[in-house]
Amino acid sequence: MTRLSIVFIALLLSAACSPVTAYHREGVTRAEFQDDLLTCRVEALQDAPVANQLRRGPPQYIPGYRSCTSSGSCYRTGGFFYPGEVYSVDVNASLGRDLRTRCMAKQGYNAVELPRCTYEAPPLIPTDTLPTLSASSCVVKDANDQFQIIDTAG
């Protein structure tokens, strides 16, 4: 396995184990939470719209090489540059996240960091309200690809 493959696998594994930041307000219904989150997303998008900028990565220099024939005559080729890759960056992304977090805080939510659940959970039954947080709370994805907080002790 190449060194790059090992680094890539390590990054994937660390992302899968990394904690999740989620908004939480005890006792709020799932429908209220989704409505509040959508409202804050829309407000943040209005105040900090997507502002993509094209950027270019650094160029890569490919050095020349020296080559000699069997008769002893040598020549050298010149090096050259490959231009850097072009990519886009939303320069308002960080501001949008901050605005969304502030909006959710104004509505009584706290941004909490919870670990991902590390066991094979039974099929999830969506809860009607956000649960009370405890030391054994963790996060899993539900059937709608949204995060759900569960208590592994209960």
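For the structure itself, look to the data block above.
Each value, and the rule that gives it
- Residues numbered from 1 in each chain as written.
- Predicted model: local features only at pLDDT ≥ 70, side-chain atom pairs only at ≥ 80, totals over all residues.
- Heavy atoms only, no water.
- Disulfide = S-S within 2.5 Å.
- Buried < 20%, exposed > 50% of the residue type's maximum accessible area, 1.4 Å probe, protein only.
- Helix = DSSP H or I, 4+ residues; strand = E, 2+ residues; numbered from the N terminus.
- Polar contact = N/O pair within 3.5 Å; in protein donor to acceptor, adjacent residues only side chain to side chain.

Student: I'd love a proper account of the state of the cysteines, names of residues and values included.
Tutor: Taken as a whole, this structure holds three disulfides when the rule is applied. One disulfide bridge connects Cys-68 with Cys-74, the sulfur atoms lying 1.9 Å from each other. Its S-S torsion of approximately 105° makes the covalent link between Cys-68 and Cys-74 right-handed. On the accessibility criterion, Cys-68 (43% relative accessible area) is partly exposed. By sequence-ordered numbering of the bonded cysteines, the protein chain has its disulfides arranged as 1-4, 2-3, 5-6.

Student: If you had to explain the environment of Arg-55 to someone new, which residues and values would you point to?
Tutor: Counting through the fold element by element, Arg-55 comes out in strand β2 (residues 52–56). The exposure class of Arg-55 is partly exposed, given its relative accessible area of 35%. In sequence terms Arg-55 and Gly-84 are 29 residues apart; their C-alpha atoms lie 9.2 Å from each other. There is a polar contact of 3.0 Å between the side chain of Arg-55 and the side chain of Gln-53.

Limitation: the analysis is restricted to geometry and does not speak to function.
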